[in-house]
Amino acid sequence: MASPDPAPVGFPLAATAGPYDEVHRGLLGAHKEDQALMLTSLLGDRLAAAVDELLAAQQVLPGEPVVLVPVPSAASAVRSRGFDATAALARRASRRLARTRPVRSAGLLAQRAGLADQSGLDASQRAANLRGGLRLRRGPTTVGVRPDGPALVVVDDLVTTGASLTEATARLTEAGFEVLGAATVAATVRRLSTY
């Protein structure tokens, strides 16, 4: 288990597959910015390992259903890249985990209009930018996922300050969902502290 240091108020219990080192930086950057889709399996499997760690820490039984909820990317970024990198990783991780437990992914969240790009913002600026910046999505992606249904795990490729995971968890919890915690492929080393 890992947490940003300092962690934002409301930061969920979180697991990560590893530090945001030179290798992870290269892999995540190539996947997201260069559309290196052949990396989806590798990175999605790393995300699945982090989810598995979180589920073990939360003592989730193998038969209990779980839904992975990716932190949403900006619509403009998805259009520019041609795909949603985090959603792709969530789908791959859910397929990997579904071999041994009932897991699926669902894009329950969307960004509100006017949210600034997070890159280049410090921790307090990220938190302020994201406050109220996510909303529940309506439509086909939410079919079968309801507040009295399966527990959720918020997933992302990277945790830096923890603002995105905190905001996503808050929106889902406010809507009545049970959120077990969060999982990421990597966490920035300078902010990583173990529980």
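Up top is the structure.
None of these values were measured; they are calculated from a predicted model.

Draft legend 1. Just the overall build of the protein chain, in detail. Check the secondary structure of the protein chain and you find six helices and nine strands. Within the protein chain, the fraction of its 195 residues that count as buried is 49%. Of all intrachain contacts in the protein chain linking residues separated by at least 6 positions in sequence, the fraction that spans at least 24 positions is 80%. Carbon and sulfur atoms make up 52% of the accessible area of the protein chain, which totals about 9,300 Å².

Draft legend 2. Representation of the pattern of salt bridges within the structure. One pass over the structure, following the stated rule, counts six salt bridges. Between Arg96 and Asp45 there is a salt bridge, with the nearest N and O atoms lying 3.4 Å from each other. Within this pair, whereas Arg96 is found in helix α4 (residues 85-97), its partner Asp45 is found in helix α2 (residues 40-57), the two being separated by 51 residues in sequence. One salt-bridge network, in which partners are shared between bridges, spans Asp45, Arg92 and Arg96.

Draft legend 3. Quick peek at the nonpolar core. Judged by nonpolar contacts, the single largest core of 28 residues is most densely connected at Val51, Val66, Leu68, Val153 and Val155. Elements with a contribution of two residues or more to this core: α1 (22-33), α2, β3 (66-70), α4, β7 (151-159) and β8 (179-187). Looking at this core element by element, the count peaks at seven residues for α2. Setting aside chain neighbours within four positions, we find Val51 in contact with Leu68, Leu97, Val153, Val155 and Ala183. If you look at the next biggest cluster of nonpolar residues, it comprises 19 residues, including Leu108, Leu134, Leu152 and Leu172.

Draft legend 4. Structural detail: the packing of α2 against α4. Across the interface, α2 lies against α4 with an axial gap of 7 Å and an inter-helix angle of 65 degrees. Considering how the two elements wind past one another, α2 and α4 form a crossing that is right-handed. Seen from α2, the contacting residues are Thr40, Ser41, Leu43, Gly44, Asp45, Leu47, Ala48, Val51 and Asp52; seen from α4, they are Ala88, Leu89, Ala90, Arg92, Ala93, Arg96 and Leu97. Here the residues of the contact of α2 with α4 are counted per class, giving nine nonpolar, three polar and four charged.

Draft legend 5. The side chain of Asp157, seen in detail. Along the chain, the position of Asp157 falls in strand β7. Of the polar contacts made by the side chain of Asp157, one reaches the side chain of Lys32; its length is 2.8 Å. If sequence neighbours within four positions are ignored, Asp157 has contacts with Leu28, Lys32, Thr86, Leu89, Thr184, Val185 and Ala186.

The rules behind each value
- Position numbers for residues count from 1 along each chain, tracking the sequence in the order it is written.
- Whole-chain, interface and lining totals are the exception, using all residues; otherwise, since this is a predicted model, local features are given only for residues with pLDDT of at least 70 and side-chain atom pairs are given and counted only at 80 or more.
- Each side-chain value is worked out from all heavy atoms of the structure, with water and hydrogens disregarded.
- Only DSSP runs of H or I covering at least 4 residues are called helices, and only runs of E covering at least 2 are called strands; the numbering of each starts at the N terminus.
- Only protein chains enter the calculation, and the probe is 1.4 Å; a residue is then buried if its accessible area is under 20% of its type maximum, exposed if over 50%, and partly exposed in between.
- Every residue pair with non-hydrogen atoms within 4.5 Å of one another is taken to be in contact.
- Surface exposure here means Shrake-Rupley accessible area, sampled with a 1.4 Å probe, where a residue is shielded only by the protein chains that are shown.
- The rule for a salt bridge is simple: a side-chain nitrogen of Lys or Arg has to be within 4 Å of a carboxyl oxygen of Asp or Glu.
- The nonpolar core is taken to be a set of buried Ala, Val, Leu, Ile, Met, Phe, Trp, Tyr and Cys residues, with the residues joined through side-chain atoms within 4.5 Å.
- Axis lines are fitted to C-alpha atoms, over the contacting stretch for helices. Their N-to-C directions set the angle, which ranges from 0 to 180 degrees.
- When the near helix sits turned anticlockwise from the far one by under a right angle, the crossing is termed left-handed; a clockwise turn instead gives a right-handed crossing.
- For this classification, the nonpolar set comprises Ala, Val, Leu, Ile, Met, Phe, Trp, Tyr, Cys and Pro, the charged set comprises Asp, Glu, Lys and Arg, and every other residue, Gly included, is treated as polar.
- Polar contacts here mean pairs of N or O atoms no more than 3.5 Å apart (in protein, one a potential hydrogen donor and the other a potential acceptor; neighbouring residues in sequence count only if both atoms are side-chain atoms).

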